[in-house]
Amino acid sequence: VSRTPVELDELGWYDRLPASPAVRAGDLLFVSGQLGADARGLPIASDPRGQASRALDDLQRVLEAAGGRMADVVDVISFHTDARRVGAVLEVAGDYFGADPPAWTAVGMTGSYAPGLDVSIRAIAHLGEAPKRAIVPDSHAWMRDLPIAAACRKGPYVFVAGQTAAAADGRIEPRGDHRAQAERAYDAVGACLEAAGATMDDVLDICSFHLDPRGMVPCERVHLERWRDTPIPNAPAWTAIGLPALAAPGALAQYRVIADLSPGPRIAETPASIHWKNTPNSGGSRKRGGSLIGIAGEVASDAEGNVTTPGDTLNQARYCFNRIREVVEMHGASMDDVVEITSFHKDHRDWELVMAAGREYFDLEAGPAWTPVGAIGLWSPGYQHEIHALAVI
Amino acid sequence: MSDPTRSRELIVNEDAAPGAPTTAVRAGDLVFIGQSPTPGAEGREADARTQAQNAFAALAQLLETAGGDPGDVVDVVTLHSDSRTIDAVLEVGREALGPDFPAWTPVACSAQRVPGRTVALSAVAHLGDEPKQCITPDTIKWWRELPASAGCRKGDLLFVAGQYGSDADGNVNTPGDHAGQARNALNRIAEICGLAGGRLDDVIDLLSFHQDPRWIAAVESVYLGEFFDPDDPEPPAWTAVGMPGLLRLGMLGQYRAIADLRAVTEGGTVLATTAAPPRDANGSVAHRGDPEAQARAGFELIAEGLAARGGSLRDVVQLVSFHLDPGALEAAERVARELFGDDSELAWTAAGMTGARHEGQLHAFHALAIP
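Rules and cut-offs
- Residues numbered from 1 in each chain as written.
- Chains lettered and ligands numbered in written order.
- Predicted model: local features only at pLDDT ≥ 70, side-chain atom pairs only at ≥ 80, totals over all residues.
- Heavy atoms only, no water.
- Contact = heavy atoms within 4.5 Å.
- Buried area = accessible area lost by both parts, 1.4 Å probe.
- Salt bridge = Lys/Arg side-chain N within 4 Å of Asp/Glu carboxyl O.
- Polar contact = N/O pair within 3.5 Å; in protein donor to acceptor, adjacent residues only side chain to side chain.
- Disulfide = S-S within 2.5 Å.
- Phe/Tyr/Trp six-rings, centres within 6.5 Å; stacked < 30°, edge-to-face > 60°.
- Helix = DSSP H or I, 4+ residues; strand = E, 2+ residues; numbered from the N terminus.
- Buried < 20%, exposed > 50% of the residue type's maximum accessible area, 1.4 Å probe, protein only.
- Pairing = 2+ DSSP bridges.
- Axes fitted to C-alpha atoms, helices over the stretch in contact; angles between N-to-C directions.
- Patch = residues over 30% accessible without salt bridge, like charges linked within 9 Å, V, L, I, M, F, W, Y side chains within 5 Å.
- Areas by Shrake-Rupley, 256 points an atom, 1.4 Å probe, with all protein chains shown as cover.
- Lys, Arg positive; Asp, Glu negative; His and termini not counted.
- Charge placed at Lys NZ, Arg CZ, Asp CG, Glu CD.
- Parallel < 35°, antiparallel > 145°, perpendicular 65-115°, else oblique.
- Left-handed = near helix turned anticlockwise from the far one by under 90°.
- Nonpolar A, V, L, I, M, F, W, Y, C, P; charged D, E, K, R; others polar.
- Arc of directions from axis to C-beta.
- Core = buried A, V, L, I, M, F, W, Y, C linked by side-chain atoms within 4.5 Å.

A. Structural view of the interface of chain A and chain B. Every contact between the two is made by 43 residues of chain A and, on the other side, 40 residues of chain B. Here chain A meets chain B over a buried area of about 3,300 Å², counting both sides, of which 50% is carbon and sulfur. Taken as a group, A:Arg84, A:Arg214 and A:Arg349 account for 23% of the area that chain A buries against chain B, more than any other trio of residues on that side. Taken together, the links from chain A to chain B amount to two salt bridges. As a salt-bridge pair, B:Glu359 and A:Arg85 come within 2.2 Å of each other at their nearest N and O atoms. The interface formed by chain A and chain B contains 14 residue pairs in polar contact (both at pLDDT 80 or more).

This is the structure in structure tokens:
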């Protein structure tokens, strides 16, 4: 599958980054976090609707430049510096997506490229002829008032938007219980997959977002139980990130999943350098007959789990990229096949240094789609970055 | 560096190690510690424990220069870049601050003033001869395992460390219920005020941290309806900010109070002020997206509050500020230099927050002044 970057004059500021506004690989188009920013990447009017409109206009321009349209968008994650703006952003989004919305995950971030950028909207579109199906199961009745779907299927792919412990009426229960909320969120993922004709066996990539990074510990128990019977060579990739806000107040964990209905078992590859190699959690996973690889958030820790180069922003980033390279090579691919990076940073001001490291791995002319996100906590307090990637072979 | 007419002394540690506070302002018996005007070294390679050791060593040094020692510390607020490093810092503090522990409020922040910092420390010490009274009631006896007192009184001032919704053994009560936890925490503040010989009405200042800023509105009715009279002409200054993590998993709110036991009768020792952002006719925050204008409006409100009591910004001795994006802090610093003056005697500690009371609010300022 050839990888084609999509460049736009309006997004000329990407020229100096090892990243592209969007990358097309086969039918899939991966779009970097679009911002309420001008052609220099600086924030425009601070009104949440204005920034959302600019971001969605740019998303639309990118899609059209790639030969697609808004209806092709299947998956969105919007990151917000203040979650109280999510409602306004979704209202704006309703005008762009109409009756056939993508799976949409809305979460908080501590910041993006520059102060004043209040929203970052990254997306995946499927430009093929296959019908698109937006899915809102009855268990998610509360979502029907919103211009978003709980899941979206097109071609072999199913994108499940960030699931929480919300009941059908939207109430989050049980309150204050990380473990029980993770169980319910997993059940909600299962319900969405089933409605889309997929199962947990089709899941490649899990990203979980946590209101308190300490809440990842009980959620890890849930993960290990849910995947207990999955052989390690067939495990999915899991990335867990602490973020300042989730979908609704009271939600403690939110799970977003990518599944691939392509034939064959799920193939997990985990280099010996990755310390979680003996758990049902891969370095990167794909279907045997599929081409999309979900790569777990790579971190600066050695094979035993010790943090490497503590406090060294640049070398921690290099360490993460080296792990991504190992994973894609084990899948028979190369760094040129990486189509999307979502880099989570303990201090979002680090994005510039991380992208400087990224230049050693990615072409300035043809970098992946890339969304830097400020996080409140990564798996270990010593990590400065956790870098999630998708690749297409 | 000192102003004899105001008996104010500024002590600056020019080569502070990573994590260390840099500034002390002495006003009478009180010493206020913070990070400005010199923010200090980056020190990305220093781990949380090392930075905590630096912080407490520098605190001791600043106090020594001011004529005191760590035993005089009555209040500490520590801002941690990761909630999971709080315990390591508490253990360092156990060595440095004991055995009569100050009120200590640890909270995780979303960013530090200086990248690579793991901890920032803001503190108040009282150098007077009065006895220091450390108070931890039985209702929260789990605090006795912490290197912190729930309440610490010296002279007329009582500092109540950030209270949580917890039972006597430290279990979070009313899990997931922000208002319920607030009610419990405010009851503890009232109890500690009583044990110190005061009452809730002596509280002049409340600084609250919330794991999700969207809940602040829900806490407001508990605060103003049940504990404080909304018609009180001089209600406590209340600064409420969203922060990414509190002491223990499951704690949703943390409420730090200052009571001045002389406030009602004699006008008080310390003035506490906060700055709610100005809002337009629709109730939306004014100067949207403009960190400089919002900072100016905030400081002007603090100045108005001080002027109403015969003071000015020159009286501010300690500022703790919270910023939605630390990049916007520079704008606040520019405005502060202009309004406070280059020679201000001010201990200022800044950190990132996840959100303030109002959507669109870029800063929250908490100021203590000595008139």
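B. Region of interest: the state of the cysteines. All told, the structure shown has zero disulfides over all chains when counted by the stated rule. Here A:Cys192 stays free of any disulfide, with the sulfur of A:Cys152 as its closest cysteine sulfur at 11 Å. Looking at the unpaired B:Cys193, the closest cysteine sulfur is the one in B:Cys152, lying at 13 Å.

C. Local environment of the packing of aromatic side chains. All told, the structure shown has 23 aromatic pairs over all chains when counted by the stated rule. Ring plane angle 35° and centroid distance 5.1 Å describe the contact between A:Phe321 and A:Tyr361, whose orientation is recorded as tilted. Taken together, the residues A:Phe321 in helix α5 (residues 313-330) and A:Tyr361 in the loop between α6 (351-358) and β17 (369-374) connect sequence positions 40 residues apart. With respect to burial, A:Phe321 and A:Tyr361 carry one shared label: buried. Judged by centre distance (6.1 Å) and plane angle (35°), the ring pair of B:Trp143 and B:Tyr164 falls under tilted.

D. Focus on the environment of B:Leu306. Residue and element names in this part refer to chain B. Following the sequence through the fold, Leu306 ends up in helix α6 (residues 291-307). Judged by its relative accessible area of 1%, Leu306 falls in the buried class. Each C-alpha atom of the pair Leu306 and Val317 lies 12 Å from the other, and the pair is 11 residues apart in sequence. Not counting the four nearest positions on each side in its chain, Leu306 is found in contact with Leu271, Thr273, Gly311, Ser312, Leu313, Val316 and Ala369.

E. View of the pattern of salt bridges. All names here are of chain A. Applying the stated criterion to the full structure yields 45 salt bridges over all chains. Taking the shortest distance from any N to any O, the salt bridge between Asp205 and Arg256 comes out at 3.8 Å. Residue Asp205 is found in strand β10 (residues 203-210), and its partner Arg256 is found in strand β12 (residues 253-260); the two are separated by 51 residues along the sequence. Per residue, the accessibility class of Asp205 equals that of Arg256, and both read buried. Through salt bridges with shared partners, one network takes in Asp75, Arg122, Asp205, Arg256 and Glu340.

F. A look at the sheet that holds strand β14 (residues 316-323) of chain B. All names here are of chain B. With mixed pairing, the four strands of this open sheet are ordered in space as β13-β17-β14-β15. With one partner strand each, in any of the chains shown, β13 (271-274) and β15 (347-352) form the two edges of the open sheet. Going from strand to strand, the sheet's axes swing by 10° on average, the running direction of each strand aside. Note that β13 and strand β17 (residues 363-369) share four bridges and pair antiparallel. By the bridge assignment, Thr273 is partnered in β17 with Ala367. Across the face of the sheet, α6 comes into contact with β13, β14, β15 and β17 while running at roughly 30° to β17. Lying over the sheet, helix α7 (residues 329-340) contacts β14, β15 and β17, oriented at roughly 160° with respect to β15.

G. Spotlight on a negative patch on the surface. A grouping of A:Glu7, A:Asp9, A:Asp15, A:Asp336, A:Asp363 and A:Glu365 is seen on the molecular surface, where their side chains present a negatively charged patch. Residue classification places A:Asp363 among the partly exposed positions, given a relative accessible area of 45%.

H. Fine view of the sheet that holds strand β11 (residues 237-242) of chain A. All names here are of chain A. In space, the six strands of this open sheet follow the order β7-β8-β9-β12-β10-β11, with mixed pairing throughout. Across the chains shown, the open sheet's two edge strands, defined by having one partner strand only, are β7 (132-135) and β11. Adjacent strand axes in the sheet meet at a mean angle of 10° when their direction is disregarded. Note: β7 against strand β8 (residues 151-154), four bridges, orientation antiparallel. For Arg133, the partnering residue across the bridge sits in β8 and is Arg153. Where helix α3 (residues 178-195) meets the sheet, its contacts fall on β7, β8, β9 (157-163), β10 and β12, and the angle it forms with β9 comes to roughly 150°.

I. How the structure looks around unusual backbone geometry. The omega torsion across A:Glu173 and A:Pro174 is -10°, close enough to zero to call that bond cis. Counting through the fold element by element, A:Pro174 comes out in the loop between β9 and α3. Note that the residue after B:Gly98, namely B:Pro99, is joined by a cis bond; omega there is -5°. For B:Pro99, the position within the fold is in the loop between α2 (86-97) and β5 (103-108). The phi dihedral of A:Thr309 is positive, around 35°, even though this residue is not glycine. With respect to the helices and strands, A:Thr309 occurs in the loop between β15 (292-298) and α5.

J. Spotlight on the environment of B:Glu95. Along the chain, B:Glu95 turns up in helix α2. Expressed as a C-alpha distance, the spacing of B:Glu95 and B:Pro277, which sit 182 residues apart in the sequence, is 40 Å.

K. Fine view of the packing of α3(A) against helix α4 (residues 216-226) of chain A. All names here are of chain A. Interaxial distance between α3 and α4 falls to 8 Å at its minimum, and their mutual angle equals 40°. Comparing the axis directions of α3 and α4 gives the class oblique. In the packing of α3 onto α4, the handedness of the crossing is right-handed. Contacts between α3 and α4 involve His178, Arg179, Ala182, Glu183, Tyr186 and Asp187 on the former and, on the latter, Pro218, Cys219, Arg221, Val222, His223, Glu225 and Arg226. A per-class count over the contact of α3 with α4 returns five nonpolar, two polar and six charged.

L. Representation of α6(A) within the structure. Of all the positions in α6(A), only A:Trp351, A:Val354, A:Met355, A:Ala357 and A:Gly358 are classed as buried. Down the axis of α6(A), the sector holding all buried residues measures 155°, keeping them to one side.

M. Highlighting the packing of helix α1 (residues 48-65) of chain A against helix α2 (residues 86-97) of chain A. Residue and element names in this part refer to chain A. Relative to each other, α1 and α2 sit at 35°, their axes nearing to 9 Å. In this structure, the crossing between α1 and α2 has a hand that is right-handed. In this structure, α1 uses Pro48, Arg49, Ala52, Ser53, Leu56, Asp57, Leu59 and Gln60 to contact α2, whose residues at the interface are Ala88, Val89, Glu91, Val92, Ala93, Tyr96 and Phe97. Residue composition of the contact of α1 with α2, by class: 10 nonpolar, two polar and three charged.

N. A look at the nonpolar core. If you look at the biggest cluster of nonpolar residues, it comprises 114 residues, and the most contacted ones within it are A:Leu29 and A:Phe321. Dropping the residues within four chain positions of it, A:Phe321 is found in contact with A:Met335, A:Ile341, A:Val354, A:Ala357, A:Gly358, A:Tyr361, A:Phe362, A:Trp370 and A:Ile387. Residues B:Cys109, B:Ala148, B:Ala196 and B:Val241 belong to the second largest nonpolar core, which totals 99 residues.

O. View of the pairing of β15(A). Residues and elements named next belong to chain A. Counting buried positions along β15 gives seven out of seven residues, so the element sits mostly inside the fold. Sheet analysis places strand β14 (residues 284-287) next to β15, joined by two bridges and oriented antiparallel. In the sheet register, Ser285 faces β15, and the bridge partner there is Gly294. What sits between the antiparallel neighbours β14 and β15 is a turn of four residues. Sheet analysis places β15 next to strand β18 (residues 385-392), joined by five bridges and oriented antiparallel. From the neighbouring strand, Gly294 faces β18, where its bridge partner is Leu390.

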